[in-house]
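Descriptive structure summary
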Amino acid sequence: MKIIAIDLDGTLLNHNSEISKENADAIKEAQGHGVEVVVATGRAEFDVRQVFSKTDINTWVIGANGATIHTPERKLFDSVPLPPNHAEDILEWLERKEFYYEVFSDEAILTPENGRRLLEIELDRLKTANPQTDMKTLYHSMEKQFGQTGFAHVKTYQEIIQSKERLYNILAFSFDEEKRAEGWRRFEGMEELTLVSSGLHNFELEHKEASKGLALQKLARHFGIEMEDTAAIGDSPNDLSMIQMAGKSAAMANGRDPVIEASDFITKSNDDHGVAYAIHRWLKEDSSTHPA
Ligand code: CA
């Protein structure tokens, strides 16, 4: 194994969005063995750096579900922005349907200034419709969304389009299941786009040529490494592309069913250092096939 691509939320990060010492040590051990460690996430690159700022780990970053690749020195290595006309159509629709959304540019996460209010209204409706709803988990999910770094607020999506910035990823987030399903139906047939989901309450749109798997392939080519010498680990459907394309793959014990079905094996959960467990297993396999 020469490259290992690791998802962040639900995979490398525990439920408090922290990197455990066990996981950090395992990454450094892999790097010590000459393995190129790559973080592959739906998050924006600048947000990822903030997450890693409390560690001494530095890696390549596949961000925005594969729409960006940054070097360890934070230089943009490759990018696949959304076609501007598609971005406009998507955002017009999301705003009309009163979705909370986030748009990733090079510098910021652009989001409507009434975003929190929109989600609070949805939560109030849920609570009224079903007083038994586990509100604590839902609030945690909302706060995690707002825990990212780099927000810039807009009054309407037109500000985003008029800014002429390169836009990489559009994330729509809703606690309303029917509303999410309507969004999925609206966009799933569009051949120009990649539609994925990284969490229970979202769906995300990128250029059709952007995915974690395609980004891993670009990096492997850059390093002159065969795909059979790559490994990937994740928990959600937006990890499927890299899990299917990598030579070796692991699903988190807390992962969703399609990811578990597509992976070579199931590692431990994100609260039980599943990344460290998978890395150690792969390093051990390598040392038994190529004894030092
Ligand atoms: Ca994830």
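Residues numbered from 1 in each chain as written. Predicted model: local features only at pLDDT ≥ 70, side-chain atom pairs only at ≥ 80, totals over all residues. Heavy atoms only, no water.

1. Structural notes on the overall build of the chain
Spelled out, the test is: The helix count covers DSSP runs of H or I at least four residues long, the strand count covers runs of E at least two residues long, and both are numbered beginning at the N terminus. Every residue pair with non-hydrogen atoms within 4.5 Å of one another is taken to be in contact. Positive charges come from Lys and Arg, negative ones from Asp and Glu, while His and the chain ends are left out of the count. Each charge is placed at NZ for Lys, CZ for Arg, CG for Asp and CD for Glu.
Helix and strand counts for the chain stand at 12 helices and 14 strands. Here the analysis covers contacts within the chain between residues at least 6 apart in sequence; of these, 62% occur between residues at least 24 apart. If the 32 positive side-chain charges of the chain are averaged to one point and the 50 negative ones to another, these points end up 2 Å apart.

2. So, helix 4 (residues 84-96)
Put simply, the rule is: Helices are assigned an expected span. That span is 1.5 Å times one less than the residue count. Relative accessibility decides the category of a residue: with a 1.4 Å probe and only protein chains considered, values under 20% of the type maximum give buried, values over 50% give exposed, and everything between is partly exposed. To obtain the arc, one takes the directions from the helix axis to the C-beta atoms.
Its 13 residues place the ends of helix 4 18 Å apart at the C-alpha level, agreeing with the 18 Å of an ideal helix rising 1.5 Å per residue. Within the span of helix 4, buried status applies to His-86, Ala-87, Ile-90, Leu-91, Trp-93 and Leu-94. End-on, the buried residues of helix 4 take up no more than an arc of 160°, which puts them together on one face. In helix 4, the exposed positions that point more than 90 degrees away from the buried face belong to Pro-84 and Arg-96. Backbone geometry just downstream of helix 4 places Glu-98 in the positive-phi region, at approximately 60°.

3. A few points about the domain arrangement of the chain
Rules: Residue ranges assigned to the domains are those given by an automatic or database domain assignment. When two parts are put together, the accessible area they lose, computed with a 1.4 Å probe and summed over both, is reported as buried area. Should a side-chain nitrogen of Lys or Arg be within 4 Å of a carboxyl oxygen of Asp or Glu, the pair is scored as a salt bridge.
Splitting the chain by domain gives domain 1 (3-80 + 210-289) and domain 2 (84-207). Here domain 1 and domain 2 have C-alpha centroids that lie 25 Å from each other. Taken together, the 21 residues of domain 1 in the interface contact 23 residues of domain 2. Counting the surface lost from both domain 1 and domain 2, the interface buries some 1,700 Å², and carbon and sulfur atoms represent 57% of this. The tally of links from domain 1 across to domain 2 stands at 1 salt bridge.

4. Let's talk about the sheet that holds strand 10 (residues 193-196)
One key point about sheets: their strands pair by backbone hydrogen bonds, in either a parallel or an antiparallel sense. What counts is decided by this rule: A pair of strands counts as paired when DSSP detects no fewer than two bridges linking them. The axes are straight lines fitted to the C-alpha atoms, using for helices just the contacting stretch, and the angles between their N-to-C directions are given from 0 to 180°.
Strand order in the open sheet formed by 6 strands is 8-7-6-9-11-10, with mixed pairing between adjacent strands. In the strand order of this sheet, the two ends are held by strand 8 (151-154) and strand 10, each with one partner. If you compare each strand with its neighbour and ignore which way they point, the axes differ by 25° on average. Taken together, the 4 bridges between strand 9 (residues 169-173) and strand 11 (residues 202-207) define a ladder with antiparallel strand orientation. Residue pairing across strands places Phe-173 opposite Asn-202, the latter belonging to strand 11. Contacting strand 10 and strand 11, helix 8 (residues 177-188) runs over the sheet at an angle of about 20° to strand 11.

5. With respect to the coordination of the calcium ion
Heads up, the rule is: Metal donors: N, O and S atoms at distances within 2.8 Å, or within 3.2 Å for Na, K and Ca, with water omitted from the atom set so that some sites may seem incomplete.
Protein coordination of the calcium ion is provided by Asp-7 (OD), Asp-7 (OD), Asp-9 (O) and Asp-235 (OD), with donor distances spanning 2.3 to 3.1 Å. Between the donor residues of the calcium ion, the gaps in sequence give the motif D-x1-D-x225-D. Of this pair, Asp-7 sits in the loop between strand 1 (3-6) and helix 1 (8-12) while Asp-235 sits in the loop between strand 12 (230-234) and helix 10 (240-245); the two residues are 228 residues apart in sequence, bridging distant segments of the chain. Just as Asp-7 is buried, Asp-235 falls in that class too.

6. Considerations on the pairing of strand 11
Counting buried residues in strand 11 gives 6 out of 6 residues, a clear majority hidden from the surface. Hairpin remark: strand 10 followed by strand 11, antiparallel, with 5 residues in the connecting loop.

7. Some remarks on the nonpolar core
Rules: The criterion is simple. A nonpolar core is a set of buried Ala, Val, Leu, Ile, Met, Phe, Trp, Tyr and Cys residues joined through side-chain atoms within 4.5 Å.
If you look at the biggest cluster of nonpolar residues, it comprises 30 residues, and the most contacted ones within it are Ile-4, Ile-6, Leu-12, Phe-52, Ile-233, Ile-279 and Trp-282. Looking at this core, the elements that each hand over two or more residues are strand 1, helix 1, helix 2 (21-32), strand 2 (36-40), helix 3 (45-52), strand 12 and helix 12 (274-289). The greatest single-element share of this core, amounting to 6 residues, is contributed by helix 12. Beyond its immediate sequence surroundings of up to four residues, Trp-282 is in contact with Met-1, Ile-4, Ala-231, Ala-232, Ile-233, Lys-248, Ser-249, Ala-250 and Phe-265. Counting residues in each nonpolar core, the second largest holds 23 residues, with Ala-87, Leu-110, Val-154 and Ala-172 among its members.

8. Comments concerning the environment of Arg-256
Among the secondary structure elements, Arg-256 is positioned in the loop between strand 13 (248-251) and helix 11 (257-262). Not counting the four nearest positions on each side in its chain, Arg-256 is found in contact with Gly-199, Leu-200, Asp-235, Ser-236 and Pro-237.

9. Details of helix 12
The first and last C-alpha atoms of helix 12 sit 23 Å apart over 16 residues, in line with the 22 Å expected at 1.5 Å per residue. Turning to helix 12, its buried residues number three or more, namely Gly-274, Val-275, Ala-276, Ala-278, Ile-279, Trp-282, Leu-283 and Asp-286. On its buried face, helix 12 sits against strand 1, helix 1, helix 2, strand 12, strand 13 and strand 14 (265-266).

10. Things to note about the packing of helix 4 against helix 8
Inclusion rule: Put simply, angles under 35 degrees are roughly parallel, angles over 145 are roughly antiparallel, angles from 65 to 115 are roughly perpendicular, and the rest are oblique. In this scheme the crossing of two helices becomes right-handed for a clockwise turn of the near helix relative to the far one and left-handed for an anticlockwise turn of less than a right angle. Three categories are distinguished: nonpolar for Ala, Val, Leu, Ile, Met, Phe, Trp, Tyr, Cys and Pro, charged for Asp, Glu, Lys and Arg, and polar for the others, with Gly belonging to the last.
Between helix 4 and helix 8, the shortest axis-to-axis distance is 12 Å and the interhelical angle comes to 160°. As the angle between them shows, helix 4 and helix 8 are arranged roughly antiparallel. Handedness of the helix 4/helix 8 crossing: right-handed. Residues Ile-90, Trp-93 and Leu-94 of helix 4 pack against Glu-182, Gly-183, Arg-186 and Phe-187 of helix 8. Residues of the contact of helix 4 with helix 8, tallied by class, amount to 4 nonpolar, 1 polar and 2 charged.

11. A closer look at the pairing of strand 7 (residues 109-112)
Side chains Ile-109 and Thr-111 of strand 7 all project onto a buried face; the interleaved residues Leu-110 and Pro-112 project onto the opposite face, where all are buried too. Relative to strand 7, strand 6 (residues 100-104) runs antiparallel, the two being bridged by 2 bridges. By the bridge assignment for strand 7, Val-103 is matched with Leu-110. If you look at the hairpin formed by strand 6 and strand 7, you'll find 4 residues sitting between the two strands.

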